[in-house]
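One letter stands for each residue in the lines below.
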Amino acid sequence: MCYYGGKPSRRWRRAGVKRAGTAAPLDSLNGLDQRRVLRESFIKCFCLFVFQFFTKPKPPKGYYIFGDVGTGKTMVMDMFYSYVETEKKKRVHFHGFMLDVHKRIHRLKQSMPKRKAGKMAKSYDPIAPVAEEISEEACLLCFDEFQVTDIADAMILKQLFENLFLNGVVVVATSNRPPEDLYKNGLQRVNFVPFIAVLQKFCQTLRLDSGIDYRRRNRPSAGKLYFLSSEPDVEATLDKMFDELAFKQNDITRPRVMNVHNRKVRLNKACGTIADCTFEELCDRPLGASDYLEMSRLFDTIFIRHIPLLTLNKKTQARRLITLVDALYDHKVRVVILADHPLEDIFVQDGDHSHDESHILMDDLGLKREEASGLSIFSGEEERFAFQRTVSRLTEMQTEEYWVEGDRSSKSKV
């Protein structure tokens, strides 16, 4: 408590406080009590005033919404996002967000002075500055499909989100997994686990699970968009569909080259906002989320031909297909598919993988077969789990509502 010295002012005397020595001892004691009470009241009021005007309000907790596929998690988050009255907000797919984070990290590292010959480079941690940059751009981050499959992402999430939360950013995210199952059976997961505690500290966990996949309920179809290789004249049917869509474009049918992070990615057949691709073009090549996001920006309709049966031997390709569909769905891109098997049967967990390429990776990591068998990168567990979402989304992408909403032909971005 602050000490008040000096003579009492007229204000104190008007409040009934007398000078010491001018009254009886009891009156003097009462005056001192009154003076102390007034002084303490003034100090409390002043401190409250300062606190209100010079301290930031504590941000609310975010939400981590998880549940089975198609239960309405994304819809609920999008409704919330549209009604929040702030301009400093971002709604992004988690893949896209992490790509942006890595680009920022690379830019900051490149801006550092070059190491002089014969001298050790100074260690530099760009995570906190990157988090501060993001915090200045948005106080609300909404993530669709919060999932961790990449070890590079897993190793930086704790520090990144800790800094975002400390800077007052509120996070709302959707996921198919509860927080404790994120990066389940991932490489070096022990280094990732502390992030889960950070997420649970700053976000309330909400399970949204009605047991119904609303995407797969009977809804008006946009027509036949999923074809089997065994159907007669199926290639000619898809060629005709492509030609009808291409006729409405202000372009000619030609190869298209995309520039993605200074890499050239060629697509053999495209016309305006329509691309006609094979599974080999999209998933057999070393492409990733950044490539698929660029495709989603350029095209509103993509043909995917010749999707084979995806066994554990092809789990890398399966992971790319999952990432591709996530990107296309998030940007309302329409798809026409030609596959060897019905949608529900594309991905199976059996098959001979004695010559699986993952064995090479096991050797590179110095892991024994028994040790590696429980890791999701080798077991295919993550792909099998995520493919449920892919099937659900591809089902919705065949509805009339989705097809109409995805039409960008009148406002081509090319």
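Our structure's up above, just so we're on the same page.
Overview of the structure.

Conventions used here
- Residues numbered from 1 in each chain as written.
- Predicted model: local features only at pLDDT ≥ 70, side-chain atom pairs only at ≥ 80, totals over all residues.
- Heavy atoms only, no water.
- Helix = DSSP H or I, 4+ residues; strand = E, 2+ residues; numbered from the N terminus.
- Expected span 1.5 Å × (residues − 1).
- Buried < 20%, exposed > 50% of the residue type's maximum accessible area, 1.4 Å probe, protein only.
- Arc of directions from axis to C-beta.
- Contact = heavy atoms within 4.5 Å.
- 1 Å grid on protein atoms, 1.4 Å probe; cavity = no way out; pocket = protein on both sides within 12 Å on 5 of 7 lines; lining within 4 Å.
- Points joined across faces, edges and corners; volume = space filled by probe spheres on them.
- Pairing = 2+ DSSP bridges.
- Axes fitted to C-alpha atoms, helices over the stretch in contact; angles between N-to-C directions.

### Some remarks on helix α8 (residues 234-247)
Then, in step 1: Taking 1.5 Å of rise per residue, 14 residues should cover 20 Å, and α8 covers 20 Å from first to last C-alpha, within 8% of that figure.
Then, in step 2: Looking only at α8, the buried set comprises V234, L238, M241, F242, L245 and A246. In a view along the axis of α8, the buried residues occupy a sector of 130°, so they form one face of it. Structural note: α8 exposes K240 and F247 on the side pointing more than 90 degrees away from its buried face.
Then, in step 3: The secondary structure elements touched by the buried residues of α8 are β6 (226-228), β8 (263-271), β9 (274-278), β10 (301-307) and β11 (334-339).

### So, the layout of surface pockets
Space left empty within the atom packing is revealed by a probe, the size of a water molecule, rolled over the atoms.
Then, in step 1: When its volume is computed, the second largest pocket comes out at roughly 610 Å³.
Then, in step 2: As for the second largest pocket, its lining consists of 25 residues, of which T74, M75, Y329, K332 and E396 are closest to the centre.
Then, in step 3: Breaking the lining of the second largest pocket down by element, the ones donating at least two residues are α3 (73-83), α11 (315-330) and α16 (400-405).
Then, in step 4: If you tally residues by element for the lining of the second largest pocket, the top one is α3, at five residues.

### Quick look at the sheet that holds strand β3 (residues 140-144)
Then, in step 1: Here we have five strands laid out as an open sheet, ordered β2-β3-β4-β1-β5, and parallel in their pairing. The open sheet has two free edges, formed respectively by β2 (89-93) and β5 (203-207), since each of these has just one partner strand. Sheet twist, expressed as the average angle between the axes of neighbouring strands with direction ignored, equals 15°.
Then, in step 2: Taken together, the four bridges between strand β1 (residues 62-66) and strand β4 (residues 170-175) define a ladder with parallel strand orientation.

### Digging into the environment of M397
Then, in step 1: Turning to its location among the elements, M397 is positioned in the loop between α15 (381-396) and α16.
Then, in step 2: In this structure the C-alpha to C-alpha distance between M397 and R215, which are 182 residues apart in sequence, comes to 8.9 Å.

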